[in-house]
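Structural overview
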Amino acid sequence: FFVIDRVGSVRILGYGSSKSPAQQAFEAGPLLRSASPAPAVIIDRLIAAIRDENARIRFDAVHALGAIAEPPLPPAQVKALSAELDHYDPIVRAATARVLSRLRAAEASDQLLAGLADSNAIVRQFCLEALGVIREERAIAPILDLIAKGRPIAGPTPTPIGPRRIVKRPAFWAAVGGVALALG
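No experiment lies behind these values; they were computed from the predicted model shown.

Parameters at a glance
Residues numbered from 1 in each chain as written. Predicted model: local features only at pLDDT ≥ 70, side-chain atom pairs only at ≥ 80, totals over all residues. Heavy atoms only, no water. Helix = DSSP H or I, 4+ residues; strand = E, 2+ residues; numbered from the N terminus. Expected span 1.5 Å × (residues − 1). Buried < 20%, exposed > 50% of the residue type's maximum accessible area, 1.4 Å probe, protein only. Polar contact = N/O pair within 3.5 Å; in protein donor to acceptor, adjacent residues only side chain to side chain. Axes fitted to C-alpha atoms, helices over the stretch in contact; angles between N-to-C directions. Parallel < 35°, antiparallel > 145°, perpendicular 65-115°, else oblique. Left-handed = near helix turned anticlockwise from the far one by under 90°. Contact = heavy atoms within 4.5 Å. Nonpolar A, V, L, I, M, F, W, Y, C, P; charged D, E, K, R; others polar. Salt bridge = Lys/Arg side-chain N within 4 Å of Asp/Glu carboxyl O.

Concerning helix H7 (residues 121-133)
The terminal C-alpha atoms of H7 lie 18 Å apart, and with 13 residues this matches the ideal 18 Å at 1.5 Å per residue to within 8%. In terms of burial, H7 is a largely internal element, ten of the 13 residues being buried. Three or more residues of H7 are buried, namely Ala-121, Val-123, Arg-124, Gln-125, Phe-126, Cys-127, Leu-128, Ala-130, Leu-131 and Gly-132. Its side-chain oxygen placed 2.8 Å from the backbone nitrogen of Ile-122, Asn-120 serves as the N-cap of H7. Note on H7: the residue one or two positions beyond its end, Arg-135, has a positive phi of about 60°.

Right under this line is the structure:
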């Protein structure tokens, strides 16, 4: 695969971007790439690379997967990818939730719902957004539970979710909107 536009060309004060080319390609969106769908063996190898010992390889593998994979993934690949939501590294868990969201992998709903109870707020945020994108109806009760408990949905600081703060949470509204559309 290759990307149509250049990624990684931003320099600030003589230093390059802190984001890897794989992450930049993922964040640029699926329209940036141009090629036929990636062969299943490449997707399988990238999923296997997410379990590598090297943190940089894990990080780049999950973002490269999100950049080159196209929905729908076969159920076996969705199952293998969603297993990474149990990874010990919260960065891998958060990135995996982002990729599952991009791929609209409804088969990963159970793991994404479990991710709402993650110890890391960023992981909870991306799981919540993914559930909104795939319009998972079962997300309503856990979302309401998070609100009732005042548990932060997103952000590195443990701030309570109150009536005034919830309006400032785009992840919450994206998920609620997606779930509301699923019910309507």
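Digging into the packing of helix H2 (residues 40-49) against helix H3 (residues 55-68)
Packing of H2 against H3 brings their axes to within 8 Å, and their N-to-C directions diverge by 150°. On the basis of the axis angle, H2 is roughly antiparallel to H3. Considering only the axes of H2 and H3, their crossing is left-handed. Contacts between H2 and H3 involve Ile-42, Ile-43, Leu-46, Ile-47 and Ala-49 on the former and, on the latter, Ile-57, Arg-58, Ala-61, Ala-64, Leu-65 and Ile-68. Taken together, the residues of the contact of H2 with H3 break down into ten nonpolar, no polar and one charged.

Digging into the pattern of salt bridges
Counted by the stated rule, this structure contains six salt bridges. Where Asp-89 meets Arg-58, a salt bridge forms, and the shortest distance between an N and an O atom there is 3.3 Å. Of this pair, Asp-89 sits in the loop between helix H4 (75-82) and helix H5 (90-102) while Arg-58 sits in helix H3, and the two are 31 residues apart along the sequence. Asp-89 sits in the buried class, given a relative accessible area of 13%. Residue Arg-58 is classed as buried on the basis of its relative accessible area, which comes to 4%. Among the charged side chains, a network of salt bridges with common partners joins Asp-110, Glu-136 and Arg-138.

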